[in-house]
Amino acid sequence: MTLLIPDEYPKNLFREDGKRLDGRENFDLRSIRMEVDVIKNADGSAYIEWGNNKIFASVYGPREVHPHHLAKPDKGILRVFYRMATFSVFDRKRPAPGRREKEISMIISDCLEPVLFLELYPGTSFEIFIEVVDADGGTRCASTIVAALALADAGVPMRSLVTSCAVGKIDGKLVTDLSGIEDKAGEADLPTAITWFNDEISLLQFDGKLSQSELNESLEMAQDALEKIYDM
Ligand code: UDP
């Protein structure tokens, strides 16, 4: 696993043979392995290994809402809790959920809500608990996918699955699926997600700088990657 110490970021994110530090070509994804039904006590669960990322998701619901005042009389609610284990990154991560975890929980919830039929479950909640046990860049994307798989495993009716992947720019070149070091030392990071029932982009975040034409090309690269992952 890459150690992310700012003073020790490599000067070049490409090797002399033109490949990325982990041996990938610019458009290559890291290896991805997905599995469902991995947690006995959940209504549905899934696990994803994406490069060095290792992430579990478990789903509970529809069930009574706690605290009660969050319940909505006309529809169910979706609550997502993305957490990174203290041992999942090189520096010890503080155990209490920080702003980043709240933001990522929110964007995952925004990606998944459109595919659910929450109007069929008034007064109840669906809860998704996501635990990142090893993190190396792109955990919000991997978490979105594993959460959708866990919902499907729970038998929750869905309009479609959701697929997510980041693209970006490192050392002046556009690349697919940034690793942790590429995310930190690169020039731009663009996490995307798509809901397949309507082909809509449901996540588009942007950190860094890209020209308009690079942005367009990045979105095409994202589309290719999202299709490949969906096939998996
Ligand atoms: N990271 C870290 N410590 C933290 C948060 C993140 O080392 O407290 C690392 C981790 O490997 C993560 C990467 O930085 O995957 C990129 O984080 P970012 O916030 O961009 O989210 P992600 O790319 O994981 O969706």
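One structure accompanies this document, and this report is about it. (Residues numbered from 1 in each chain as written. Predicted model: local features only at pLDDT ≥ 70, side-chain atom pairs only at ≥ 80, totals over all residues. Heavy atoms only, no water.)

Summing up its helical and strand segments, the protein chain has four helices and 10 strands in all. Listing every helix and strand of the protein chain by position from the N terminus yields β-β-β-β-α-β-α-β-β-α-β-β-β-α. The C-alpha radius of gyration of the protein chain comes to 18 Å, within 12% of the 17 Å expected for a compact globule of 232 residues. With the C-alpha coordinates aligned to their principal axes, the bounding extent of the protein chain is approximately 60 × 40 × 30 Å. Counting every position in the protein chain, which comprises 232 residues, the buried fraction comes to 47%. Long-range pairs, those at least 24 residues apart, make up 66% of the contacts in the protein chain between residues at least 6 apart in sequence. Separation of charge centres in the protein chain, based on 27 positive and 39 negative side chains, amounts to 6 Å. (Helix = DSSP H or I, 4+ residues; strand = E, 2+ residues; numbered from the N terminus. Rg over C-alpha atoms; globule rule 2.2 N^0.38 Å. Buried < 20%, exposed > 50% of the residue type's maximum accessible area, 1.4 Å probe, protein only. Contact = heavy atoms within 4.5 Å. Lys, Arg positive; Asp, Glu negative; His and termini not counted. Charge placed at Lys NZ, Arg CZ, Asp CG, Glu CD.)

Turning our eyes to something else, we now look at the packing of helix H1 (residues 99-112) against helix H2 (residues 139-153). Orientation of H1 relative to H2, taken along the N-to-C sense of each, is 50 degrees, at an axis distance of 10 Å. Considering their axes alone, H1 and H2 lie oblique with respect to each other. Crossing geometry of H1 relative to H2 is assigned as right-handed. Here H1 contributes Arg100, Glu103, Ile104, Ile107, Ile108, Cys111 and Leu112 to the contact with H2, which in turn contributes Thr139, Arg140, Ser143, Thr144, Ala147, Ala148 and Leu151. Residues that form the contact of H1 with H2 fall into these classes: eight nonpolar, three polar and three charged. (Axes fitted to C-alpha atoms, helices over the stretch in contact; angles between N-to-C directions. Parallel < 35°, antiparallel > 145°, perpendicular 65-115°, else oblique. Left-handed = near helix turned anticlockwise from the far one by under 90°. Nonpolar A, V, L, I, M, F, W, Y, C, P; charged D, E, K, R; others polar.)

Our focus in this paragraph is the nonpolar core. Formed by 45 residues in total, the largest nonpolar core has its most connected members in Trp50, Leu112, Ile128 and Ile130. With eight residues, H2 is the single largest residue contributor to this core. Not counting residues within four places of it along the chain, the set of residues in contact with Ile130 comprises Ile55, Phe56, Ala57, Val80, Phe81, Tyr82, Arg83, Ile108, Ser143 and Ala147. If you look at the next biggest cluster of nonpolar residues, it comprises seven residues, including Val167, Leu174, Ala188 and Ala222. (Core = buried A, V, L, I, M, F, W, Y, C linked by side-chain atoms within 4.5 Å.)

The next subject is unusual backbone geometry. Cis geometry is found at the peptide bond from Gly61 to Pro62, where omega equals 5 degrees. The topology assignment puts Pro62 in strand S3 (residues 53-64). With phi around 55 degrees, Asp199 is a residue other than glycine that occupies positive phi space. Considering the arrangement of structural elements, one finds Asp199 in the loop between strand S8 (188-195) and strand S9 (200-204). Using a relative accessible area of 52% as the deciding quantity, one classes Asp199 as exposed.

What follows deals with the packing of aromatic side chains. Under the criterion given, the structure shown has five aromatic pairs. On the basis of an interplanar angle of 40 degrees and a centroid distance of 4.6 Å, the ring pair of Tyr47 and Phe56 is categorised as tilted. Judged by relative accessible area, Tyr47 falls into the buried class, the value being 8%. Of the aromatic side chains, those joined through ring pairs into one cluster are Tyr60, Phe81 and Phe129. The ring of Phe197 carries the charged tip of Arg159 above its face, separated from the ring centre by 5.9 Å. Directly above the aromatic system of Phe14 lies the positively charged group of Lys173, at a separation of 4.8 Å from the ring centroid. (Phe/Tyr/Trp six-rings, centres within 6.5 Å; stacked < 30°, edge-to-face > 60°. Lys NZ or Arg CZ within 6 Å of the ring centre and 35° of its normal.)

Right, let's talk about the pairing of S9 for a bit. Bridge analysis of S8 against S9 gives four bridges, and the strand direction is antiparallel. Of the residues in S9, the one forming a bridge with Thr192 is Leu204. (Pairing = 2+ DSSP bridges.)

Here Ser58 shows up in strand S3. Apart from the residues within four sequence positions on either side, Ser58 is in contact with Ile39, Ala42, Gly44, Ser45, Glu127, Ile128 and Phe129.

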